[in-house]
Amino acid sequence: MKLRGAQILAECLVREGVEVIFGYPGGAILPFYHYLPEYPQIKHILVRHEQGAGHAADGYARASGKVGVAVATSGPGATNLVTAIVNAQMDSVPMVVITGQVPRAMIGKDAFQETDVTGITLPITKHNYLVLDAADIPRVIREAFYIAGSGRPGVVLVDIPRDVLQEEAEFHYPESIDLPGYQPTVQGHVAQIRKAADLINRSERPLIIAGHGIILSGAYAELRELAEKAQIPVVNTLLGISNFPASHYLYQGMMGMHGMYHINVATNEADLIIGLGIRFDDRAMGRFKDFAPKAKIIHVDIDPAEIGKNVRCDVPIVGDVKQVLRVLIKYVQPGNRTPWLNRLDEMRRRYPSLHIPDDGRLWSTYVIKTIYEVTPENAYFTTGVGQHQMWAAQYFCRDKPNCFITSGGLGTMGFALPAAIGVKLARPDAVVWAIEGDGGFQMTMYELATCVENRIDVKIAVINNGYLGMVRQWQQLFYNNRYSAVALFNPDYVKLAEAYGIPGFRVSSREEVAPTVEAALACPGPALIEFQVEQEENCFPMVPPGAALSETIPLPVPEVVRQ
Amino acid sequence: MTEVKKHTIVALVQDQPGVLNRISSLFRRRMFNIDSLAVGPSERPGLSRLTLVIKADADGLEQVVKQLYKLIDVIKISELDEETSVQRELALIKVSAPAPVRAEIIPIIDIFRAKIIDVAPDALIIEATGTEDKIDALISLLRSYGIQEVVRTGRVAMSRASARARAVQARSA
């Protein structure tokens, strides 16, 4: 059957099970948009900026477990996607990005809206393609989805010239994939797993550090079984949050630069670190050479290049963490580690990392904690980047798996709203909160139009402290208290919401927080709440830049709070 | 940190457009130190073979290999050591050689088993193959006569027929 390249592309997306794509049309991708209405099974969400399409596809992928798809035109359309591509790639999110390109004969001639997109995205994607023949589209799309979604997930970009989208070719969807250079290791090496089990069985003070890999492989039950069987406390990296029930007695919270003080210090006392689906990132580990000095380290990850990259490793296990845990659990003996659990508990009580002064003032922490408490169980939370993100991570108290979606590796301000759009499309029955700062929200707030136009019911919390709060905190603590370019002018967010035709609320006192959150939740569609919070609240605990976890500055609390 | 030294790595890659770009971009992006890179078709259609000389300590070498394996177009990486492989470089050297000194230069060329491949009234082009050390030595001996131009291919290497190249697996253990 002969079809145009654009039709072939759409046929391939249907065969890959794509239900939603996020995009923005333009000259080079027009042939695809021309045929798109013939494929009603593919829902297209028109964003207001291509970065939004990328983050929405990212949020969709994280919440659904499927490969997210973003579409843009050549040149500026593609370059606007770059931030979102890096964001997804750094956080191991499966995504296929399709960009239009100028016609083949124009490539290399500096044509209108021409950009070397495969060149630009080469170091920021898992793989990319420039398709020069419509007959290649099926193979390329098949490979793109396979590469994006398998092994360590990532972004695959497919750049297609306009005339390739227009030309006719015979359409055959390939049955198999031939990629001799791509063979992810899924099963862990049994001898290594037995070594790991042996270390676990002999350890007295082990810590599990559970990361995004648990979520990506769906190893929630296995993680819990291992922790419970061997009585090992569970710590999260930022992206690992919601891979273990927060109400579980073994759950300790997040570690790292703004992690729980008692955990950061406990890494210094631990005799065994079990890293599960993590990459020993600098923000989580502090100064690498001083990380967990007394501990042996087991590292399970699907990406062999992560093992030994940042910190030493005693027992490396390459494989899918779910498969590895299934085997590991068999070899691990039931344990009793009461003294170690008691020690952690004692440290947590003596150096509490969660404390909101009971002084009636509207602290950001109070707002975030209340949102968590008031929102029903079936809910997802996306965040931007900065203080509000760290507080959202610290005060996270939910049990639902994979309900915390944040920008970790790249740290992209403005992630919350477009990501929440994607999450809502993946999980239409759930409440979706976008928690943003006033800085980040102003970076992507134009996507309010996308919410309204498509009736995407996202609740937005703008934590407005009038500053780029985290930058201000650094300037205060490490740059001699000199505030430089951190105070923000803010629009009237209530009027802004109303201008888009959605309810807007303003909260400036504690008493209003819970009722207003409830009011926003009761709105049938999107709603925005601006919280006018204390301007100079600092986020603690904090590991000073370049310091070791053992040098964490605890949260300053009144003596009476310590137990 | 262990000792930093030169390593010869041979990569079998799919002959896709941009594969060299992917590899060189990886080295630049991850601050790996590349000494030379030579590439050409292999014995199998559709596959190219690259010889890379890199400077790294043991951990750095491990990272280079693992990161290379992450490239979809890279099929196999082997590290070749000097005992069990042959390693060669080709150089073309244009040296000033007016008649009075030509007789001095020719014995040097012979000692190095190099060849004169082009002659002009006042200059010669010499073709030399060998290890980098040998070519460096030849160039330094010729320097006093006036070297006009040098072009070198970078190292190419192959495991000896009697030895099996050690395929460096990403440490999956």
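(A) The arrangement of the overall build of chain A in detail. When helices and strands are counted, chain A shows 23 helices and 20 strands. Here the C-alpha atoms of chain A give a radius of gyration of 24 Å, agreeing with the 24 Å that 2.2 N^0.38 yields for 563 residues. Its C-alpha atoms give chain A principal-axis dimensions of about 75 × 60 × 45 Å. A burial count over chain A gives 55% of its 563 residues as buried. Restricting the contact set of chain A to residue pairs at least 6 apart, pairs at least 24 apart contribute 77%.

(B) Quick look at the domain arrangement of chain B. All names here are of chain B. Examined at the domain level, chain B breaks down into domain 1 (5–80) and domain 2 (86–156). Taken residue by residue, the interface counts six residues in domain 1 and five residues in domain 2. Listing elements by their share of the side of domain 1 that touches domain 2, those giving two or more residues are strand E2 (33–41) and strand E3 (47–56). The element best represented in the side of domain 1 that touches domain 2 is E2, accounting for three residues. Residues belonging to the side of domain 1 that touches domain 2 are distributed by class as follows: three nonpolar, three polar and no charged.

(C) Here's a closer look at the sheet that holds strand E14 (residues 315–318) of chain A. All names here are of chain A. Taken together, six strands build an open sheet; the order of strands is E11-E10-E9-E12-E13-E14 and the sheet is parallel. Looking along the sheet, the strands with just one partner apiece sit at the ends: strand E11 (251–254) and E14. Across the sheet, the mean angle from the axis of one strand to that of its neighbour is 15°, orientation sign disregarded. The strands touched by helix H9 (residues 190–202) are strand E9 (206–210), strand E12 (272–276), strand E13 (296–301) and E14; relative to E14, the strand with the most contacts, the crossing angle is about 135°.

(D) Region of the structure containing the domain arrangement of chain A. Residue and element names in this part refer to chain A. In terms of domain boundaries, chain A breaks down into domain 1 (2–170), domain 2 (190–350) and domain 3 (364–539). Each of domain 1 and domain 3 was reduced to a C-alpha centroid, and the two centroids are 29 Å apart. Contacts between domain 1 and domain 3 engage 24 residues on the former and 24 residues on the latter. At the level of secondary structure, the elements contributing two or more residues to the side of domain 1 that touches domain 3 comprise strand E2 (20–23), strand E3 (43–46), helix H3 (50–64) and helix H5 (82–90). Here the side of domain 1 that touches domain 3 gets 11 residues from one element, more than from any other, and that element is H3. Looking at the side of domain 1 that touches domain 3 residue by residue, the class counts come to 11 nonpolar, nine polar and four charged.

(E) Seen up close, the environment of Gly501(A). Residues and elements named next belong to chain A. If you trace the backbone, glycine 501 turns up in the loop between helix H22 (493–499) and strand E19 (504–507). You can call glycine 501 exposed: it has 12 C-beta atoms within 10 Å. Along the chain, glycine 501 and arginine 482 lie 19 residues apart, while their C-alpha atoms are 40 Å from each other.

(F) Representation of the packing of helix H12 (residues 261–269) of chain A against helix H15 (residues 338–350) of chain A. Residue and element names in this part refer to chain A. Running from N to C, H12 and H15 cross one another at 135°; their axes reach a closest spacing of 8 Å. By the angle between their directions, the pair H12 and H15 is classed as oblique. The interaxial crossing formed by H12 with H15 has right-handed handedness. The residues of H15 that touch H12, namely those facing His262, Val265 and Ala266, are Leu344, Met347 and Arg348. Its residues assigned to classes, the contact of H12 with H15 comprises four nonpolar, one polar and one charged.

The rules behind the values
- Residues numbered from 1 in each chain as written.
- Chains lettered and ligands numbered in written order.
- Predicted model: local features only at pLDDT ≥ 70, side-chain atom pairs only at ≥ 80, totals over all residues.
- Helix = DSSP H or I, 4+ residues; strand = E, 2+ residues; numbered from the N terminus.
- Rg over C-alpha atoms; globule rule 2.2 N^0.38 Å.
- Buried ≥ 20, exposed ≤ 12 C-beta atoms within 10 Å, placed from the backbone.
- Contact = placed C-beta atoms within 7 Å.
- Domains from an automatic or database assignment.
- Nonpolar A, V, L, I, M, F, W, Y, C, P; charged D, E, K, R; others polar.
- Pairing = 2+ DSSP bridges.
- Axes fitted to C-alpha atoms, helices over the stretch in contact; angles between N-to-C directions.
- Parallel < 35°, antiparallel > 145°, perpendicular 65-115°, else oblique.
- Left-handed = near helix turned anticlockwise from the far one by under 90°.

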